[in-house]
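Observations on the model geometry
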Amino acid sequence: MSLLDRKLYRDIKAMSGQVVTIALLVAAGLAVFIASVSTYDTLEAERIRFYDEGRFPDVFASVKRAPLTIVSRIAEIPGVAAVEPRIVRDVIVDWPSSALPVSARMVSLANGGDEPLNRIHLRRGAVPRPGDARGAVVNEAFAEANILSPGADLRVILNGRLEAFTVDGIALSPEYVYAVKPGLLIPDDRHYAVLWVDRTALEAAFGMEGAFNDVVIRLAPGANSRQIIEELDTLLEPYGGVGAVARRDQPSHRFLDDELTQLKVMSTTIPYLFFGVAAFLLNVALGRLVTVQREQIAALKALGFPASPIVIHYLKLVGVVVALGAALGIVGGVAMGRALILSYQGFFRFPDLVFELSPWSAVIGTAISFVAAALGVVTALRNVMTLAPAVAMRPVAPMRFRRAALESLLPRRLLTPRRMMILRNLAGRPVRAVLTIVGISFAVPMVVLGLFWRDAIDHMMDVQFNLVERGNATVTFPHPLDANVVGDLTREPGVMLAEGLRYVPVRLRAGQRSYLTSAIGLSVDAQLRRPRDLSLKPIELPPKGLTLARSLAESLGVATGDLVAVEVMEGRRRKRDLEVVAIVDEILGMSAYMEISALNQLTGEGNVVSAAALLVEPAAILALGKRLKELPLIESVTMKANAIASFLDKIAGLVLVSAAILTGFAVIIALGVVYNSARIGLQERAWELASLRVLGFTRSEVSTILFSEFVLEIALGLPLGLLLSRLVVDLISRLHSNETFQIPAVIGPRTFAAAAVVIVASAAASAYVVRRRIDRLDLVAVLKTRD
Amino acid sequence: MPEKSSANGRKVFEARGLSKTYVMGDITVNALHDLDLDIYEGEFIVLLGPSGSGKSTLLNILGGLDAPTGGRATFRDHDLVGADDAELTRYRREHVGFVFQFYNLIPSLTVLENVALIGEIATNPFDPREALALVELSDRLDHFPSQISGGEQQRVAVARAIAKRPDVLLCDEPTGALDYETGKLVLAAIARVNRELGTTTVVITHNSAIAGMADRVLRLRGGRIVGSDRNARRLTPEELNW
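Keep in mind the model is a prediction, meaning the values are calculated, not measured.

**Thoughts on the overall build of chain B**
If you tally the helices and strands in chain B, you get six helices and ten strands. Since a compact globule built from 242 residues should have a radius of gyration of about 18 Å, the 17 Å found for chain B is in line with a globular shape. Viewed in the frame of its principal axes, chain B has a C-alpha envelope of about 50 × 40 × 40 Å. A total of 242 residues make up chain B; the buried ones form 50% of that total. Contacts in chain B between residues at least 24 apart in sequence constitute 71% of all its contacts with a sequence separation of at least 6.

**Overview of the overall build of chain A**
Across its full length, chain A carries 21 helices and 20 strands. With respect to the three principal axes, the spread of C-alpha positions in chain A is 100 × 60 × 50 Å. Buried positions account for 47% of the 787 residues belonging to chain A. A separation threshold of at least 6 residues defines the contact pool for chain A, and within that pool the share at least 24 residues apart is 83%.

**Describing the sheet that holds strand β10 (residues 211-219) of chain A**
All names here are of chain A. Pairing within the open sheet is antiparallel, and its four strands lie in the order β2-β10-β1-β11. Where the open sheet ends on each side, the last strands, each with one partner, are β2 (80-86) and β11 (245-246). Relative to β10, β2 runs antiparallel, the two sharing six bridges. Residue pairing in the sheet places Pro 85 in a bridge with Val 215 of β10. Contacts from helix α6 (residues 225-236) reach β1 (59-67), β2, β10 and β11 within the one sheet, and its direction differs from that of β1 by about 10°.

**Concerning the nonpolar core**
The biggest cluster of nonpolar side chains holds 292 residues, and the ones touching the most others in it are Ala670(A), Val115(B), Val158(B), Ala159(B) and Val202(B). For this core, the element with the most residues is helix α18 (residues 640-694) of chain A, which contributes 18 residues. Non-local contacts of Val202(B), meaning those with residues more than four positions away in its chain, are made with Ile39(B), Ile45(B), Leu47(B), Leu59(B), Leu62(B), Val168(B), Leu170(B) and Cys171(B).

**Digging into the sheet that holds strand β2 (residues 27-40) of chain B**
Residue and element names in this part refer to chain B. Pairing is antiparallel in the open sheet, where four strands are placed in the order β2-β1-β4-β5. Two strands close off the open sheet at either side, each with one partner strand: β2 and β5 (78-79). One ladder, built from ten bridges, connects strand β1 (residues 11-24) with β2; its direction is antiparallel. Considered in β2, the bridge of Met 24 is made with Ile 27.

**Details of the pairing of strand β4 (residues 70-75) of chain B**
All names here are of chain B. Pairing analysis gives five bridges linking β1 to β4, with the strands arranged antiparallel. Residue Phe 13 lies in a different strand from β4, and its bridge partner there is Phe 75. The sheet contact formed by β4 and β5 spans two bridges and is antiparallel. Paired with Phe 75 across the strands is His 78, a residue of β5. Hairpin connection of β4 to β5: two residues between the antiparallel strands, including Arg 76 at a positive phi of 45°.

**Side note on the pairing of strand β12 (residues 473-482) of chain A**
Residue and element names in this part refer to chain A. Relative to strand β19 (residues 608-616), β12 is paired through six bridges, and the arrangement is antiparallel. Considered in β19, the bridge of Val 475 is made with Ala 612. Here β12 runs beside strand β20 (residues 636-639); their pairing, made up of four bridges, is antiparallel. Across the sheet, the residue bridging to Val 475 is Val 637, located in β20.

**Some details on the interface of chain B and chain A**
Taken residue by residue, the interface counts 23 residues in chain B and 23 residues in chain A. Mapped by element, the contributors of at least two residues to the side of chain B that touches chain A are α2 (85-95) and α3 (111-119) of chain B. Examining the composition of the side of chain B that touches chain A, we find that four residues originate from one element, α3(B), more than from any other. A per-class count over the side of chain B that touches chain A returns twelve nonpolar, five polar and six charged.

**Topic: the environment of Asp730(A)**
Residue and element names in this part refer to chain A. As for its position among the elements, Asp 730 is in helix α19 (residues 699-736). Its 12 C-beta neighbours within 10 Å are what place Asp 730 among the exposed residues. Sequence separation of Asp 730 and Pro 744 is 14 residues, and the distance between their C-alpha atoms is 8.3 Å.

**Some details on the confidence of the model for chain B**
Residue and element names in this part refer to chain B. Taken as a whole, chain B shows an average pLDDT of 89; of its residues, 97% reach a score of 70 or greater. Here helix α6 (residues 180-197) stands out as the least confident element of chain B, with mean pLDDT 89; strand β3 (residues 44-48) is the most confident, with 95. Note on residues 1-7: pLDDT under 50 across the span, and twelve contacts to partners over four residues away in sequence or across chains. Confidence metrics for the complex model read pTM 0.73 and ipTM 0.88.

**Thoughts on the packing of α3(B) against helix α5 (residues 150-162) of chain B**
Residues and elements named next belong to chain B. Where α3 contacts α5, the two axes come as close as 8 Å, and the packing angle between them is 25°. With respect to their mutual orientation, α3 and α5 come out roughly parallel. Here α3 and α5 pass one another in a crossing that is right-handed. Taking contact as the criterion, the partners of Val 111, Asn 114, Val 115 and Ile 118 in α3 are, on α5, Val 156, Ala 159 and Arg 160. Considering only residue class, the contact of α3 with α5 consists of five nonpolar, one polar and one charged.

**What to know about unusual backbone geometry**
Of note in this structure, Asn118(A) is not a glycine but carries a positive phi near 55°. Turning to its location among the elements, Asn118(A) is positioned in the loop between β4 (102-109) and β5 (121-125). For Asn118(A), a count of 21 C-beta atoms within 10 Å translates into the label buried. Even without glycine at this site, Glu136(B) takes up a positive phi of about 60°. Tracing the backbone shows Glu136(B) in the loop between α4 (128-134) and α5.

**Some remarks on the packing of helix α2 (residues 16-53) of chain A against helix α10 (residues 359-385) of chain A**
Residues and elements named next belong to chain A. Look at α2 against α10: their axes get within 9 Å of each other, and the N-to-C directions meet at 150°. Here α2 is positioned roughly antiparallel relative to α10, judged by the angle of their axes. Considering only the axes of α2 and α10, their crossing is right-handed. Two secondary-structure elements touch here, α2 through Val 26, Gly 29, Leu 30, Phe 33, Ile 34, Val 37 and Ser 38 and α10 through Ser 361, Ala 362, Gly 365, Thr 366, Ser 369 and Ala 373.

**Notes on α3(B)**
Every α-helix winds through 3.6 residues per turn, so residues three or four apart in the chain are directed the same way. Most of α3(B) is tucked away, with eight of its nine residues classed as buried. The set of residues buried in α3(B) consists of Val111(B), Leu112(B), Glu113(B), Asn114(B), Val115(B), Ala116(B), Leu117(B) and Ile118(B).

**Some thoughts on the environment of Tyr503(A)**
Residues and elements named next belong to chain A. Tracing the backbone through its elements, the reader meets Tyr 503 in strand β13 (residues 495-510). For Tyr 503, a count of 19 C-beta atoms within 10 Å gives the class partly exposed. Residues Tyr 503 and Leu 599 lie 96 residues apart in sequence; the distance between their C-alpha atoms is 9.1 Å. The contact partners of Tyr 503, leaving out residues within four places of it in the chain, are Ser 518, Ile 520, Ser 610 and Ala 611.

**Observations concerning the environment of His95(B)**
All names here are of chain B. Its place among the elements puts His 95 in helix α2. C-alpha separation for the pair His 95 and Pro 166, spaced 71 residues apart in sequence, amounts to 4.7 Å. Among residues more than four places away in sequence, those in contact with His 95 are Phe 75, Pro 166, Asp 167 and Val 168.

Procedures and definitions
Residues numbered from 1 in each chain as written. Chains lettered and ligands numbered in written order. Predicted model: local features only at pLDDT ≥ 70, side-chain atom pairs only at ≥ 80, totals over all residues. Helix = DSSP H or I, 4+ residues; strand = E, 2+ residues; numbered from the N terminus. Rg over C-alpha atoms; globule rule 2.2 N^0.38 Å. Buried ≥ 20, exposed ≤ 12 C-beta atoms within 10 Å, placed from the backbone. Contact = placed C-beta atoms within 7 Å. Pairing = 2+ DSSP bridges. Axes fitted to C-alpha atoms, helices over the stretch in contact; angles between N-to-C directions. Core = buried A, V, L, I, M, F, W, Y, C linked by C-beta atoms within 7 Å. Nonpolar A, V, L, I, M, F, W, Y, C, P; charged D, E, K, R; others polar. pLDDT = per-residue confidence, 0-100. Parallel < 35°, antiparallel > 145°, perpendicular 65-115°, else oblique. Left-handed = near helix turned anticlockwise from the far one by under 90°.

Set out below in structure tokens:
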């Protein structure tokens, strides 16, 4: 071992606390980077593999009823590589063990599961053979949530008749990686199933012999999906086509895609925050080390050492810190990635989702850490290396103090000498004070980021389930029914209020832009469904014209007063130009609202409803659920309590894991900043503090003088951090929000309080460690040395 | 045998069989060796000895900064040997004023504030201006230590040390870092404190010329007191020559 290396070893031992806290920061940045990059790569690779294996289609279209004979015409559209017609129906499952109605999407199979498109991936059991109308395959999420095995019986209400099926197999499908009930955002696996049955079963039940109501298409490479969708829509229009969509708008794919985009955002933002703070701390810590060792360095230079071994010596120190951080970061990143993948398995169902470390992320991450750290020490080193040895060998000129500007602003009697020491020390090193304050403020958004989801979710729940959907159940009908049905529902036991809703599939066009959505018809005096704007004021629907959610208006590029071409995608398929009369800021969705009679006038179907919102006595809700299961007119039932429970259940684990991880990082940052500042502060002022001890100041009085600086810096850093949190949460909510889901940038007072507590506790822990060093100050030594 | 004092004051310090041994690896250093000592109220003592004679160790023990390895030492009714850190801190706070070779002023405080700082922990302090007038520094109140000379800094240190009206003033090589003229000014300040306030004063130095201003001169060598002289007449600092 060379002598410089021996010196390195001893320096590291002497500053082990600083080395460890800085390495932890590097590790935290690296862990987030590795975990998010690798999780992204893992999910993306598995998605590509599964889409490929399952022959995931490119275009999806629904019709009312089309003859199979037109399939060949679809296949002739240039660019279409494969066509698969299907029968898809939303049904109710009679599931005796569940008090609440279970809905299911029933999908026909024509080839015993080995379909040309959307081939299912069998996990257990078998797929009913073509012609076997009694067997069914169940999606794995539902089977797991309800402990269902092959051989079990399953009864489904098909077109009003109870039909019995046997569960033959349990499977996955690329179409239902994220199996979410239409209209919900989070999968409710206990109450929502995907059932695959042979098409003969659905043909018979729904009178679909020789026909289909759903078609999926695979495109040839390079085909223009937009053009094909247009041709397809023209072709399917006579059969009640409601407009084809590309992959981008397929629900499962969209959720998966959005999640992957968010992961990508995460891997390109948060790690840099850590790298930045780590570089800052390395800079300060090494800067101080170099200053302390300035005379040694000068002596080495005077003895004839060239600059390069000295520079390499200090870069080795950086290397040790980064290597330690990288080792911890890779281990932590893999653990975090595994935890993330585990929590994703609850949302996304893939055949073989196993975390795989992307080695390049570890290499790149370590390299970024090293460069950030090396940049941090360059300044400190350059300062020493440019000094002539004779200059460097003299002690550093003492810092010049002056009265802090702040003093003149404070009342005289508050300015005791001790307080002035604190103020002037802060003011005397403004750059360091600012950097410490900034460092502390960086820790705050970490805690806030971990916890604000809770606030955002609470807010969304409150808005969506208490203010917007004020009923506690929603029923949908398989086709529009006369509005009298609402009156019938009111007479069901326990129903206190029922209101009709109208959903009409429409294509909105403005210039070149178009968007396929449902127009929602509400009556002006609706009580149970009241859309709200961002300030939570109820939206008053004008009797005429369209009211658009802001995200939809932006996507169409229209403003109030503009005309939008509304094309009804069902029934008589009328087209009208309607004026945008209002734009509203909503949390959920890309909704278009109309007054219900205006909407019915547009479709020309008279006074009809597609769904009803119900307010049910809480005690009667279970009995009503059982009763609704038997009503043939009802396609699906959503119970609010249920939706909330499943939402919380799904999200709780993920929120908890990410909150714990981020809070851990906040602790690392706060510890790193405060501990290192306190250690450096103590190192620089040991002489002064020991002098005070000799003069009769107690340990705690002396500690107070040193720590008051940090109290002040924390007192300034916290509000700055809260401000920063606001910006970060705003940014994250903007980056994470998508068309269907606007994450509200809400930070609750609890979250701010938790952040403050975490930072203060970490600082207190650092202070405690440094305090023990203050207690061990050598009082005799300071009298014999000059600072 | 401890020497009797001619001053009629009460005994302030008493040390019997005092020893201090430093063990550093294989090397054992006897800094103090079976030392006896009495100091009386109001006395001006100069502890004279070359470096390594143990004079600083003795001063540190008397000042409550270090503990002996053997023997006993008391300040009035305070036991300086068995006391814990908190008791020693209180002892220094209430009874001892220190002046060090390198002044040990707080660089971020002005002259006046450095002295006022001590007022915060003393029960009956001087007005800091009064203390500074005693060392003739009334015209430098708002200067920072870095803006005044070493001699002036040391006089601030003297003013700071006496501001709390200590019972004893302990000075460790107070002129060690100063030139001849400024050294004399500092000694004059210390002598004035002893004379006007009656503060028992112990000055350690290797400069034998300073011995002339003491009531008693104690000579240290090899950790023992090897000589004790009483000056018939205390010289004023102006009369000293080195």
